[in-house]
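Architecture and fold: a report
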Amino acid sequence: MLLNWTVMILYNYFSAMFVGPGYVPLGWTPEKSQDCMYLQYCKVCQSYKAPRSHHCRKCNRCVMKMDHHCPWINNCCGYQNHASFTLFLLLAPLGCIHASFIFVMTMYTQLYNRISFGWSSVKIDMSAAKRDPRPIIPFGLSAFAASLFALGLALGTTIAVGMLFIIQMKVILTNKTSIESWIEEKAKDRIQYYQTGETFIFPYDTGSKWKNFKQVFTWSGIPEGDGLDWPVRNGCHQYSLTIEQLKQKADKRVRSVRYRAVEDYSGVCCPVTKGVKTFFTTPCTEEPRIALSKGDLILATRGLKHWMYGEKILDSAADGGIRERGWFPRKCVEKCPYDSETDQPVDGEKKNR
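Residues numbered from 1 in each chain as written. Predicted model: local features only at pLDDT ≥ 70, side-chain atom pairs only at ≥ 80, totals over all residues. Heavy atoms only, no water.

1. Quick notes on the UniProt feature "transmembrane region" (unreviewed entry) in the protein chain
Those places that UniProt annotates as "transmembrane region" (unreviewed entry) correspond, in this numbering, to residues 6-24, 87-108 and 136-167. Between the C-alpha atoms that bound residues 6-24 there is a distance of 33 Å. The span itself is 74% helix and 0% strand. Split by type, residues 87-108 is 100% helix and 0% strand. Its first and last C-alpha atoms lie 32 Å apart. (UniProt positions renumbered as here; feature names shortened; annotations may be inferred. Helix = DSSP H or I, 4+ residues; strand = E, 2+ residues; numbered from the N terminus.)

2. Concerning unusual backbone geometry
Negative phi characterises most residues that are not glycine, and trans characterises most peptide bonds. Of note, Gln 46 is a non-glycine position whose phi angle comes to about 55 degrees, a positive value. For Gln 46, the position within the fold is in the loop between β1 (41-42) and β2 (47-48). Phi is positive for Lys 65, close to 45 degrees, though the residue is something other than glycine. Its place among the elements puts Lys 65 in the loop between β4 (61-63) and β5 (68-70). On the basis of relative accessibility, which here comes to 4%, the residue Lys 65 falls in the buried class. (Buried < 20%, exposed > 50% of the residue type's maximum accessible area, 1.4 Å probe, protein only.)

3. Some points on the nonpolar core
One finds Val 24, Trp 28, Met 66, Leu 228 and Leu 241 to be the most contacted residues of the largest nonpolar core, which totals 24 residues. Elements that contribute at least two residues to this core include exactly β4 and α4 (178-194). For Leu 241, the residues in contact, after removing those within four places along its chain, are Glu 180, Ile 183, Phe 200, Phe 202, Pro 203 and Tyr 204. (Core = buried A, V, L, I, M, F, W, Y, C linked by side-chain atoms within 4.5 Å. Contact = heavy atoms within 4.5 Å.)

4. Describing the state of the cysteines
Counted according to the given criterion, the structure contains 0 disulfides. Sulfur of Cys 76: no disulfide; nearest cysteine sulfur belongs to Cys 56 and is 3.3 Å away. Take Cys 76: its relative accessible area is 0%, and that puts it in the buried class. (Disulfide = S-S within 2.5 Å.)

5. Topic: the environment of Ala 154
Locating Ala 154 in the fold gives a position in helix α3 (residues 141-173). Distance from Ala 154 to Cys 96, taken between C-alpha atoms, is 5.0 Å for residues 58 residues apart in sequence. Setting aside residues up to four positions removed in sequence, Ala 154 forms contacts with Cys 96 and Ser 100.

6. Overview of α3
The end-to-end C-alpha separation of α3 is 47 Å, in line with the 48 Å expected for 33 residues at 1.5 Å each. What α3 keeps buried is the set Ser 147, Leu 151, Ala 154, Thr 158, Val 161, Gly 162, Gln 168, Met 169, Val 171 and Ile 172. The secondary structure elements touched by the buried residues of α3 are β5, α2 (82-112), α4 and α5 (209-216). Positive phi appears at Asn 175, one or two residues downstream of α3, with a value of about 60 degrees. (Expected span 1.5 Å × (residues − 1).)

7. Observations concerning the sheet that holds strand β12 (residues 324-329)
Strand order in the open sheet formed by 5 strands is β12-β11-β10-β9-β13, and the pairing between neighbours is antiparallel. Edge positions in the sheet fall to β12 and β13 (333-335), since each of these pairs with one other strand and no more. When strand polarity is set aside, the average angle formed by the axes of neighbouring strands in this sheet is 45 degrees. Sheet topology note: the strand β11 (residues 307-312)/β12 ladder contains 6 bridges and is antiparallel. Residue pairing across strands places Glu 311 opposite Arg 325, the latter belonging to β12. (Pairing = 2+ DSSP bridges. Axes fitted to C-alpha atoms, helices over the stretch in contact; angles between N-to-C directions.)

8. A few points about helix α1 (residues 2-19)
Taking 1.5 Å per residue, 18 residues should reach 26 Å; α1 reaches 25 Å between its end C-alpha atoms and fits that length. Residues of α1 that are buried: Trp 5, Ile 9, Asn 12, Tyr 13, Ser 15, Ala 16 and Met 17. Elements that come into contact with the buried residues of α1 comprise β6 (75-77) and α2. Of the residues one or two after α1, Gly 20 is the one with positive phi, at around 80 degrees.

9. Section: the packing of aromatic side chains
For the structure on display, the rule yields 13 aromatic pairs. Ring geometry for Phe 202 versus Tyr 204: centroids 5.6 Å apart, planes at 80 degrees, classification edge-to-face. Of the residues examined, Tyr 204 reaches a relative accessible area of 0% and is grouped as buried. A network of ring pairs unites the aromatic residues Tyr 13, Phe 14, Phe 18 and Phe 88 as a single cluster. The side chain of Lys 176 reaches across the aromatic face of Phe 202, ending 5.4 Å from its centre. The ring of Trp 182 has Lys 186 lying over it, and the distance from NZ or CZ to the ring centre is 4.0 Å. (Phe/Tyr/Trp six-rings, centres within 6.5 Å; stacked < 30°, edge-to-face > 60°. Lys NZ or Arg CZ within 6 Å of the ring centre and 35° of its normal.)

Structure (structure tokens):
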């Protein structure tokens, strides 16, 4: 049984790693040219982002139905390998539970044969068992320590990977990805903030958990569809989600604040020269840091107490239109005064957007 767990775990692990998530073809455009207005354009891939696809900075490609980039498989989890990745998350805890049972029973039986109870103390003799026959494999102090350490690893893996499996199953049964769940939450916040009265309906949830499950897990191992076109529920169309993404992108531009760099910053993860608080509160994320030179302009979109995230304002002609986004220390920048009325939202814009 342990060999069976090992084979199935490694098979799904390497399948998720080498099959990959599936990428949007370079230069892809929708069949109808008028549909381009509903899509975002990726300057790196020189193509439009298909519905449910996102650009991965690590893979440097637009990934179909991207869920997240997993460092443990050194690849993205997406359209083609979502099933293999989820099966790996299921089988690994099951195998560890089996191993944990073996470790517990082994230590219990061996300690039971070596323990002696007195009136005032309990003694454990690890040198030899009191009862015959002796075990085929000698169980001494080193074997006990190794078994205890392995039990801790097995239980830790069961809890950590098991929680990831539960998270993945929740998004699969609603036919979402982790990124799309985040987009849905931001849609609710946007509607509530601007009080538009509209209702956002996630277009790819079929309403049946079984049908959502079958879109990922199939007997052939090949997911349904081509990763570019997806069935949608009644009242929605193929670009309902991408239209919402464009609205959120426009909203981010409106709510961003312009800052000017007053100190140089090299872009290191934990800067020592920017203060103790800045050093110890560096964001725990894989998102990049951006280097700053004194006088640079940045559009900040979100921030923490000692860090901010934003996009450096570049000369698109000189820099090839490539955007630089990332975290930077808050103490390195100062807020720019508004130069004109157009730099800030006018009265009533909150209600009109």
